[in-house]
Each structure stands twice: as C-alpha cells, then as structure tokens.
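Chain residues, written in single-letter form:
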Amino acid sequence: GTEAGISTGIATIFVESNSGENMIVIVLGANGRLAAEDVTRAENDIAKSKVVVSILEIGLEAVEMAFKLGRKHGVTTVLNAAPGRANLPAELLENVDILVVNETEAELFAGLPATTSEEVKACASQLQKAGCKNIIITLGAEGALVV
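Here the residue numbers are simple positions, counted from 1 along each chain's written sequence. Given that this is a predicted model, residues contribute local features only at a pLDDT of at least 70 and side-chain atom pairs are listed and counted only at 80 or more, while totals for whole chains, interfaces and linings are drawn from all residues. Side-chain measures here rest on the full set of heavy atoms in the structure, leaving out hydrogens and waters.

The angle between two axes is taken between their N-to-C directions and runs from 0 to 180 degrees, where each axis is a line fitted to C-alpha atoms and a helix contributes only its stretch in contact. Here a strand is any run of E in DSSP of at least two residues, a helix any run of H or I of at least four, and the numbering for each starts at the N terminus. At their nearest, the axes of helix 5 (residues 103-110) and helix 6 (residues 117-129) sit 9 Å apart, and the two run at 50° to each other. Relative to helix 6, the element helix 5 is oriented oblique. As for how helix 5 packs across helix 6, the hand of that crossing is left-handed. On helix 6, the residues that touch Ala106, Glu107, Phe109 and Ala110 of helix 5 are Cys123, Gln126 and Leu127. Just so you know the grouping, Ala, Val, Leu, Ile, Met, Phe, Trp, Tyr, Cys and Pro go in nonpolar, Asp, Glu, Lys and Arg go in charged, and all remaining residues, Gly too, go in polar. Residues of the contact of helix 5 with helix 6, tallied by class, amount to five nonpolar, one polar and one charged. Roughly parallel refers to an angle under 35 degrees, roughly antiparallel to one over 145, roughly perpendicular to one between 65 and 115, and oblique to any angle outside these ranges. Take the far helix as the reference: if the near one is turned anticlockwise from it by less than a right angle, the crossing is left-handed, and if turned clockwise, right-handed. We call two residues in contact when some of their heavy atoms are within 4.5 Å.

Below is the structure:
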C-alpha cells in the first residue's frame, strides 16, 4: 500500500574515483517503517525460502524478526550490515549465518580496530564469537576476507 507523507527510502553513494572509497547518504523513508509485525505476516513465505537476506536500511526490529523466523524454519540468513549501527542486539548476531561488512562496520561491531590485515582477522574472530557463523569483510581495492 501507499502512505501519504512518507517518502520512498533512498541512498546516494559517492565514490572517490582514485581510491574507490565510498560514502553513502541514506534517507530511510518508508524503509524505516517496516516493522516486525510486517515480517511476521510473511512467515509462511520465509518458511518456504532457502535464504533470507537483509540490510540495515529497514527497521531493526524487522531484521531481527526475519532472522529469528529464518532460524526457526532452518533458512540460511545473510546480513549485509550496512549502514553500520552501534550496539546491534546479540540475538540478531546469533541468528546470522553469513555477515557481510566493510572495514568500518567490522570495527564498529567488533569494537576493535581494522586497519591492518591482522586487525581485520581479529575483528572477524570477534564477530564469530558474537555468534555469526561466517564473516565476509570487504576491503575495497584489497578484496575481501572470508572466514
């Protein structure tokens, strides 16, 4: 349906041409209004799925519910945890099968620096201790770490 006065969510990505580094400006709009109740209504669809994928550009409660239902029904869960948010709930991370983050998000979620390859590996280890089974940390021009 449509709600008057609520814009569509948008994200504008600025990419630095020499380094490939990016900056994203996000306006959640309607995306931020997706609620756990909306996801619960889709439980039958989730149960029939092989994978549930989400980002953090929707309501956090909706993400938590989608992954909780995914886990309940044996569905693989993939979280591309962008944009990074401090203090993600432990229950959410425990329900993530594959976590995809960039270096900045890895630092934020792990609470550790991620400026060297050893620090990036330490972040991945910390995220696994938080409950995420598989970690992909994107490293810009350097590729990615897959654990």
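So, about the sheet that holds strand 6 (residues 134-138). Within a sheet, adjacent strands bond to each other through the backbone by hydrogen bonds, running parallel or antiparallel. In this description, strands pair whenever DSSP reports at least two bridges between them. With respect to topology, five strands assemble into an open sheet ordered 3-4-5-6-7, the strand pairing being mixed. Strands at the two margins of the open sheet, each flanked by one partner only, are strand 3 (51-55) and strand 7 (144-146). Ignoring which end each strand starts from, the neighbouring axes of this sheet average 15° apart. Across three bridges, strand 4 (residues 76-80) lies against strand 5 (residues 98-102) in parallel orientation.

Now for the layout of surface pockets. Considered as a void within the structure, the largest pocket measures approximately 610 Å³ in volume. Along its surface, the largest pocket is lined by 25 residues, and Asn22, Ile24, Asn102, Glu105 and Thr138 are the ones closest to its centre. Of all elements in the fold, only strand 1 (10-15), strand 2 (22-27), strand 5 and helix 5 reach the threshold of two or more residues within the lining of the largest pocket. Per-class residue counts for the lining of the largest pocket are twelve nonpolar, nine polar and four charged. Space inside and on the surface of the protein is sampled on a 1 Å grid over the protein atoms alone, with a cavity defined as a set of points where a 1.4 Å probe fits but cannot get out and a pocket as an open set with protein on both sides within 12 Å along at least 5 of 7 lines; lining residues have an atom within 4 Å of a point. Grid points are joined across faces, edges and corners, and a volume is the space filled by probe spheres set on the points.

In this section: helix 6. Taking 1.5 Å per residue, 13 residues should reach 18 Å; helix 6 reaches 19 Å between its end C-alpha atoms and fits that length. Each residue is placed in one exposure class: buried if its accessible area under a 1.4 Å probe, protein chains only, is under 20% of its type's maximum, exposed if it is over 50%, and partly exposed if it falls in between. Those residues of helix 6 not exposed but buried are Val120, Cys123, Ala124 and Leu127. Buried positions in helix 6, seen along its axis, are confined to an arc of 100° and lie on one side of it. In this structure, helix 6 carries Glu118 and Lys129 as exposed residues pointing more than 90 degrees from its buried face. On the buried face of helix 6, the contacting elements are strand 5, helix 5, strand 6 and strand 7. In this analysis, the expected span of each helix is defined as 1.5 Å times one less than the number of residues it contains. Comment: arc refers to directions from the helix axis out to C-beta atoms.

Its place among the elements puts Asn134 in strand 6. Each C-alpha atom of the pair Asn134 and Val100 lies 8.7 Å from the other, and the pair is 34 residues apart in sequence. Once residues lying within four places of it in the same chain are set aside, the contact partners of Asn134 are Asp97, Ile98, Leu99 and Val147.

These values are about where atoms sit, not about what they do.
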